[in-house]
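The chain contents come next:
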Amino acid sequence: MFTDIGALELVTLVVLAVLIFGPDKLPKVIQDVSRFIRKIREFSDSAKQDIRSELGPEFKDFEFEDLNPKTFIKKQLTENEDLREIRSSLDLRKEINDVADSVNGHETETAAPSGGAGPDLVKKPADPAGDQRARFDIDAT
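Within every chain, residues take consecutive numbers counted from 1 along the sequence as written. Residue-level local features of this predicted model are given only where pLDDT is at least 70; pairs of side-chain atoms are given and counted only at 80 or more, and the full residue set underlies all totals for whole chains, interfaces and linings. The side-chain quantities take in all heavy atoms of the structure and omit both hydrogens and water.

Caption draft 1: Structural detail: the overall build of the chain. In terms of regular secondary structure, the chain is built from four helices and zero strands. Put simply, DSSP marks the helices as runs of H or I at least four residues long and the strands as runs of E at least two long, and each gets a number from the N terminus on. Listed N to C, the secondary structure of the chain is α-α-α-α in terms of helices and strands. To measure how exposed things are, a 1.4 Å probe is used in the Shrake-Rupley method; for residues, cover is taken only from the protein chains shown. Of the accessible surface of the chain, which amounts to about 13400 Å², a share of 60% is contributed by carbon and sulfur atoms.

Caption draft 2: Region of interest: the pattern of salt bridges. By salt bridge we mean one thing: a side-chain nitrogen of Lys or Arg within 4 Å of a carboxyl oxygen of Asp or Glu. Scanning the entire structure with this criterion turns up three salt bridges. A salt bridge links Asp 32 to Arg 35; the nearest nitrogen and oxygen atoms lie 3.2 Å apart. With a gap of three residues between them, Asp 32 and Arg 35 both fall in helix α1 (residues 7-55), about one helical turn apart. Whether a residue is buried, partly exposed or exposed follows from its accessible area with a 1.4 Å probe, protein chains only, as a fraction of its type maximum: under 20%, in between, or over 50%, in that order. Classification of Asp 32 as partly exposed rests on a relative accessible area of 32%. It is possible to trace a salt-bridge network through shared partners that takes in Lys 28, Asp 32 and Arg 35.

Caption draft 3: Expanded view of α1. Between the first and last residue of a helix there are one fewer steps than residues, each counted as 1.5 Å, and that sum is the expected span. If you check α1, its first and last C-alpha atoms are just 43 Å apart, much less than what 49 residues at 1.5 Å a residue would give, namely 72 Å. The angle separating two fitted axes, one through the seven residues that finish at a residue and one through the seven that start at it, defines the bend at that residue. A maximum bend of about 105° is found in α1 at Gly 22, where proline Pro 23 lies one to four positions downstream. Among all positions of α1, only Gly 22, Leu 26 and Arg 52 are buried. Of the residues trailing α1, Gly 56 is marked for its positive phi of about 105°.

Caption draft 4: Just the confidence of the model for the chain, in detail. With 73% of its residues at a pLDDT of at least 70, the chain reaches an overall mean of 77. For the stretch residues 110-115, pLDDT sits under 50, and the model shows three contacts to residues farther than four places along the chain or on other chains. Each residue carries a pLDDT score, the predictor's confidence in it, ranging from 0 to 100. In what follows, residue pairs with any heavy atoms lying within 4.5 Å of each other are defined as contacts.

Set out below in structure tokens:
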């Protein structure tokens, strides 16, 4: 629950609690707070049990932690066989290296889908001859 509180922050909270409640009332306040937290946990567990019993036997393995989007996505990605097969067939490093090679102008080992070499999209096309250039009308722009 308090995994992100450092030692200095904890000491500061203790000093503030002693200053606010005083050393005489502090043990009673701690007991009241711990009793309140215990009751909230019991209420939460009871509500979870009620929801599980109302959902029926087909949801007996239902975990409320699975409703967290991160947990749900992680569970779906690790348990789904189709996704495992796709992930194993996808070589992301090779794809990235191919893109980097084409951007840098290096030739790749893979051929174009048509079997021959496709157009080189990295190199600039040669300027057409003077009579093949498109006419440019300065007044039209």
